[in-house]
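Inside the fold
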Amino acid sequence: MTMTADPQSRPADRTAASGGHSVEIRDLDLQFGAVKVLQKLNLDVHEGEFLVLLGSSGCGKSTLLNCIAGLLEPTDGQIFIKGRNVTWEEPSNRGIGMVFQSYALYPQMSVRGNLSFGLKNARFSRDEIERRVSRAAEILQIQPLLDRKPGALSGGQRQRVAIGRALVRDVDVFLFDEPLSNLDAKLRADLRVELKRLHSRLRNTMIYVTHDQVEAMTLADRIAIMKGGEIMQLASPDEIYNRPKNRYVADFIGSPSMNFLEGQLQGETFRKDDLSLPMVGYDWASRPQGERGAIVGIRPEHVITGELVAGAPVRAEVVADVVEPMGSDTLVWGTLGGEAFRIRMDGNARVKEGDRLPIGIDPSRASLFDSRTELRL
Amino acid sequence: MSDIGMLNTVKAAEDPVRRVLDGPRGARPKRTFSRTNIFLYGTLIVVALYYLLPLYVMLVTSVKGMPEIRAGNVFAPPLEITFQPWVKAWAEACTGVNCEGLSRGFWNSVRILIPSVLLSISIALVSGYTLSKWKFKGSEVFFTILIVGAFIPYQVMLYPIVIILRDVGNFLGVQLFGSLTGLVLVHSVFGMPILTLLFRNYFASIPEELFKAARVDGAGFWGILFRIMLPMSLPILVVAIILQVTGIWNDFLFGVVYTRADSYPMTVQLNNIVNSVQGIKEYNVNMAATLLTGLVPLFVYFVSGKLFVRGIAAGAVKG
């Protein structure tokens, strides 16, 4: 505990020693009684990266964030921020700022009071506090609100103030705990864009927890998908979408979710009943030999329909069961090879329930998983 | 009601557009003398009278002279108002050999009340805060023990506390048993369970994220308590103050057991005045003395009644 953060030093002063990693987590374990919430978790977050922790509720993503913030003590393992071991450090000495889902503004203080509270605790001079508060207010466009109480602000304004509270502290790492979940859909989209703009302006490391995959895909440089206290896949949004590491990730990302057909892989050809899918152009993780059980995953939006079917590598037919017109797209529910199969078509597509629909499949855009381990082949 | 209705009609008539657009709006008006209202208000008035009658008798008697009281008409308003009984009760009434009236007891009670209220609320505030936001290993057990303490009858603990006060006092070389200091300590200890429960539940209802945000902002145990939690706790503080002020002011048992004649609180002295066996019973003085003793809690209720209800409700939300 001899190391204490010098609040005056700018983030740039400490970059050299960290070797490009802003946050490093080593073998982190956390148990509540007998329940293991995090298990041997390792994670490196790059300098200036926007990392999203994504998962359904109870997967441990918020717990992990709270550990990084220092609000929860891990059972075992270490956390480094900027190369400094902060595992047992107070939250305020870690060089982090945090934004909460419920905004967590101090109700009795004005916006200015909220922004300067942390700085007062760190004993900054009055001039410095004034300078930082006005800078943050300018970045977030909340100058006119500075003398109001949080109760007199709208949800979006409150969240801006909450971001400002992290901003004034001039920290290395921003932590966001589902910051947009309490806002309505339109405001959420607006603030999402604003956050992205903020990140490209500040270039701070940001770790962002959400269960909303749209937020994850749009904001992240990399996404960590979590399940049961473990990271399932850590990769760029593009990689996660196109090359999911296992069936869980494939199923979790994408809406409507991926179609799965369970069958046999013979050589490089997937077979199920009378459907035969030669995996031409597929990017194999390891080239298969012999015969094995496999699951093929095809995203509803990757199914080829209309005139393009004629040129598709593999053709089949689906009977439309339910048709859901959604304006921009039409979602068709049917069956293929005895299993439910969803197709996303153009919004103008004229499909009726009961129609026999010719479809095409491009194996190079599909995903193959081992049916036992559910890992990508 | 009908006046407002008239006003609206007149206005509507002046404004033709509004008259067309305006049909009757809002809930259907109810008659003032409906059967429900008669029953409801009738009951309330009867109950209120029932409770106010003794107060009325006391007030009236306290401003009558003794001859008028002896005439025996308890409910009759005074023929001749005199404040002599009040003066006597406050400054001249005798208990045993000393004839200083209630005034001495009043100041004793004040000297007991103020430190007891401050001390018990301060301790309970900090323990309630710790038990809700800084839970430690065994904090739940600790809390349970504290709550169980609230259910043990006072009478069981009277004598053990006499011994504790005497021995601790002897050990420290100060007089605890038979002094105001000792009584203040006793009141503070007995205020603990209920006040701690009150504060703990109130703080538990303050969102966890607020507490986390303050920690990230570098506030420590005391910083969060004084700068974040306390400014939000006015309603519950008012509840605690009312509970303690009325409870301690009205206390008789501890006062009579743990103090001596020269430091008796007002309630004990009131009893001594009213129950004195020598001389004639001066009912008017007794009534005035009783009303004087009850003024402090009454005053507190009147001033802070609204806040009290709000605070009780706020503490009750989460347990």
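The rules behind each value
- Residues numbered from 1 in each chain as written.
- Chains lettered and ligands numbered in written order.
- Predicted model: local features only at pLDDT ≥ 70, side-chain atom pairs only at ≥ 80, totals over all residues.
- Helix = DSSP H or I, 4+ residues; strand = E, 2+ residues; numbered from the N terminus.
- Contact = placed C-beta atoms within 7 Å.
- Pairing = 2+ DSSP bridges.
- Nonpolar A, V, L, I, M, F, W, Y, C, P; charged D, E, K, R; others polar.
- Buried ≥ 20, exposed ≤ 12 C-beta atoms within 10 Å, placed from the backbone.
- UniProt positions renumbered as here; feature names shortened; annotations may be inferred.
- Domains from an automatic or database assignment.
- Core = buried A, V, L, I, M, F, W, Y, C linked by C-beta atoms within 7 Å.
- Axes fitted to C-alpha atoms, helices over the stretch in contact; angles between N-to-C directions.
- Parallel < 35°, antiparallel > 145°, perpendicular 65-115°, else oblique.
- Left-handed = near helix turned anticlockwise from the far one by under 90°.

**Quick look at the overall build of chain A**
- Tallying secondary structure elements over chain A gives 8 helices and 19 strands in all.
- Referenced to the eigenvectors of the C-alpha coordinate spread, the extents of chain A come out at roughly 75 × 45 × 40 Å.
- Long-range pairs, those at least 24 residues apart, make up 67% of the contacts in chain A with a sequence separation of at least 6.

**Some details on the pairing of strand E2 (residues 35–46) of chain A**
All names here are of chain A.
- Pairing analysis gives 8 bridges linking strand E1 (residues 21–32) to E2, with the strands arranged antiparallel. Each bridged residue has a counterpart across the sheet, and for Ile25 the counterpart in E2 is Leu43.
- Linkage of E1 to E2, two consecutive antiparallel strands, is achieved through a turn of 2 residues, within which Gly33 is found at a positive phi near 60°.

**Some words on the interface of chain A and chain B**
- Contacts between the two partners involve 17 residues from chain A and, on the opposite side, 14 residues from chain B.
- Breaking the side of chain A that touches chain B down by element, the ones donating at least two residues are strand E6 (96–99) and helix H2 (111–121) of chain A.
- Of the residues belonging to the side of chain A that touches chain B, the class tally is 11 nonpolar, 6 polar and no charged.

**A short note on helix H10 (residues 208–216) of chain B**
- The complete set of buried residues in H10 of chain B reads Leu210, Lys212, Ala213, Ala214, Arg215 and Val216 of chain B.
- On its buried side, H10 of chain B packs onto helix H1 (61–69) and E6 of chain A together with helix H11 (221–229) of chain B.

**Side note on the UniProt feature "domain: ABC transporter" (unreviewed entry) in chain A**
- Those places that UniProt annotates as "domain: ABC transporter" (unreviewed entry) correspond, in this numbering, to residues 23–253 of chain A.
- When the span residues 23–253 of chain A is considered, its composition is 37% helix and 27% strand, and the gap between its end C-alpha atoms is 25 Å.

**Some points on the UniProt feature "transmembrane region" (unreviewed entry) in chain B**
Residue and element names in this part refer to chain B.
- Summarizing the sequence annotation, UniProt attributes the feature "transmembrane region" (unreviewed entry) to residues 38–59, 112–131, 143–165, 177–199, 220–243 and 285–303 in the numbering used throughout.
- Between the end C-alpha atoms of residues 38–59 the distance is 30 Å, and the span holds 100% helix and 0% strand.
- Taken end to end, residues 143–165 is 83% helix and 0% strand, and its two terminal C-alpha atoms sit 25 Å from one another.

**A few points about the domain arrangement of chain B**
Residue and element names in this part refer to chain B.
- Examined at the domain level, chain B breaks down into domain 1 (2–92) and domain 2 (103–316).
- Each partner contributes residues to the interface: domain 1 has 12 residues there, and domain 2 has 11 residues.
- Going through the elements one at a time, helix H3 (35–62), helix H4 (66–70) and helix H5 (84–92) are the ones with two or more residues in the side of domain 1 that touches domain 2.
- Among the elements that take part in the side of domain 1 that touches domain 2, H5 stands out by supplying 6 residues, more than any other.

**Focus: the pairing of strand E14 (residues 291–298) of chain A**
Residues and elements named next belong to chain A.
- Of the pairings in the sheet, the one linking strand E11 (residues 259–266) to E14 comprises 8 bridges and is antiparallel in character. Looking at E14, one finds that Leu261 is bridged to Val296.
- Looking at chain direction, E14 and strand E19 (residues 367–370) are connected through 4 bridges and run antiparallel. Across the sheet, the residue bridging to Ala294 is Asp370, located in E19.

**Describing the nonpolar core**
- Among the nonpolar cores identified, the biggest contains 141 residues, and Ile68, Leu175 and Ile207 of chain A are the most heavily contacted of them.
- The element that contributes the greatest number of residues to this core is helix H9 (residues 180–204) of chain B, accounting for 11 residues.
- Every residue in contact with Ile207 of chain A, bar those within four places of it in the chain, is listed here: Val23, Val45, Leu51, Leu53, Leu65, Ile68, Val173 and Leu175 of chain A.
- Core analysis: the next-biggest nonpolar cluster, separate from the first, contains 11 residues, Ala89, Ala93, Leu270 and Ala288 of chain B among them.

**Focus on the sheet that holds E2 of chain A**
Residue and element names in this part refer to chain A.
- Ordered in space as E2-E1-E4-E5, the 4 strands form an open sheet in which the pairing is antiparallel. The sheet is open, and its two borders are formed by E2 and strand E5 (84–85), each paired with just one other strand.
- Pairing between strand E4 (residues 76–81) and E5: 2 bridges, direction antiparallel. Pairing of Ile81 across the sheet is with Arg84, part of E5.

**Concerning the sheet that holds E11 of chain A**
Residue and element names in this part refer to chain A.
- Strand order in the open sheet made by the 5 strands is E13-E12-E11-E14-E19, with antiparallel pairing throughout. The two strands at the open ends of the sheet, each matched to only one other strand, are strand E13 (275–278) and E19. When strand polarity is set aside, the average angle formed by the axes of neighbouring strands in this sheet is 35°.

**Here's the deal with the domain arrangement of chain A**
- Once the domains are mapped, chain A shows domain 1 (16–248) and domain 2 (256–370).
- Distance between the C-alpha centres of domain 1 of chain A and domain 2 of chain A: 39 Å.

**Re unusual backbone geometry**
Residue and element names in this part refer to chain A.
- Between Ser255 and the following residue, Pro256, the backbone shows a cis peptide bond with an omega angle of -5°.
- With a phi close to 55°, Ala104 is a non-glycine residue in the positive phi region.
- Under the C-beta neighbour-count criterion, Ala104 is labelled buried, with 24 such atoms within 10 Å.
- One non-glycine residue with positive phi stands out, namely Arg203, at about 60°.
- Take Arg203: it is sitting in the loop between helix H5 (185–202) and strand E8 (205–210).
- A residue is classified by how many C-beta atoms lie within 10 Å of it, and Arg203, with 13 of them, is partly exposed.

**Quick look at the packing of H2 of chain A against helix H4 (residues 155–167) of chain A**
Residues and elements named next belong to chain A.
- Where H2 meets H4, the closest approach of the two axes is 8 Å, and the angle between their N-to-C directions is 30°. When the axis of H2 is compared with that of H4, the two are roughly parallel. The crossing of H2 and H4 is right-handed. Facing H2, whose interface residues are Val111, Asn114, Leu115 and Gly118, H4 presents Val161, Gly164 and Arg165.
- Taken together, the residues that form the contact of H2 with H4 break down as 3 nonpolar, 3 polar and 1 charged.

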